[in-house]
Amino acid sequence: QVQLVEFGGGLVQPGGSLRLSCTVSGDIFSINSMGWHRQAPGKQRELVAGIGSSGSLRYLDSLKGRFTISRDNAKRMVYLQMNSLKPEDTAVYYCYTSGSLFLNGVERYFWGQGTQVTVSS
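Criteria and cut-off values
- Residues numbered from 1 in each chain as written.
- Predicted model: local features only at pLDDT ≥ 70, side-chain atom pairs only at ≥ 80, totals over all residues.
- Heavy atoms only, no water.
- Phe/Tyr/Trp six-rings, centres within 6.5 Å; stacked < 30°, edge-to-face > 60°.
- Helix = DSSP H or I, 4+ residues; strand = E, 2+ residues; numbered from the N terminus.
- Buried < 20%, exposed > 50% of the residue type's maximum accessible area, 1.4 Å probe, protein only.
- Core = buried A, V, L, I, M, F, W, Y, C linked by side-chain atoms within 4.5 Å.
- Contact = heavy atoms within 4.5 Å.

J.: Could you give an account of the packing of aromatic side chains, with specific residues and numbers?
T.: Aromatic rings considered in pairs are described by the distance between their centres and by the relative angle of their planes. This model, assessed by the stated rule, comprises 2 aromatic pairs. Aromatic pair Y96 and Y109: ring centres 6.0 Å apart, planes at 40 degrees, arrangement tilted. One end of the pair, Y96, is in strand β9 (residues 91-100); the other, Y109, is in strand β10 (residues 108-111), and 13 residues separate them in sequence. Take Y109: its relative accessible area is 49%, and that puts it in the partly exposed class. Ring centres of Y96 and W111 lie 5.5 Å apart, and the angle between their planes is 45 degrees; on these two criteria the pair is classed as tilted. Of this pair, Y96 sits in strand β9 while W111 sits in strand β10, placing them 15 residues apart in sequence. For Y96, a relative accessible area of 6% corresponds to the buried category. The partly exposed category is assigned to W111, whose relative accessible area is 35%. One aromatic cluster is present, built from ring pairs that chain together Y96, Y109 and W111.

J.: I'd like a rundown of the nonpolar core, residues and numbers included.
T.: Membership of the largest hydrophobic core comes to 29 residues, with the highest contact counts inside it found for W36, L80, M82 and Y93. Among the elements of the structure, β3 (18-25), β4 (30-39), β5 (46-51), β7 (67-72), β8 (77-82), β9 and β11 (115-119) are those that each provide at least two residues to this core. For M82, the contacting residues outside a window of four places in its chain are G16, S17, L18, L20, R66, F67, Y93 and V117.

In structure tokens:
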């Protein structure tokens, strides 16, 4: 089975920073894209940032300049550096990866359980 586990969530004051980490474990043959979504109470889940296997980047437009995504392929990890946090960044953050379980297999998406980020004074 493929498992994703997030680390680094918590409570932070407005203007503060947090770094989320996510590790991928299990029998996954190839990892393509990795990234983060978030879901705030009463809102739909939205893409925060994604990074392709070649390093291509996607960000939610409103987060550009504050959030930075990176990955370590050797460690099968993806990171999200969040700076200048605002109360509206409060949400559960989910990491994801896309990949296949075997050679020429169908690409699938896998998700973590989520980590709570609360921005409040």
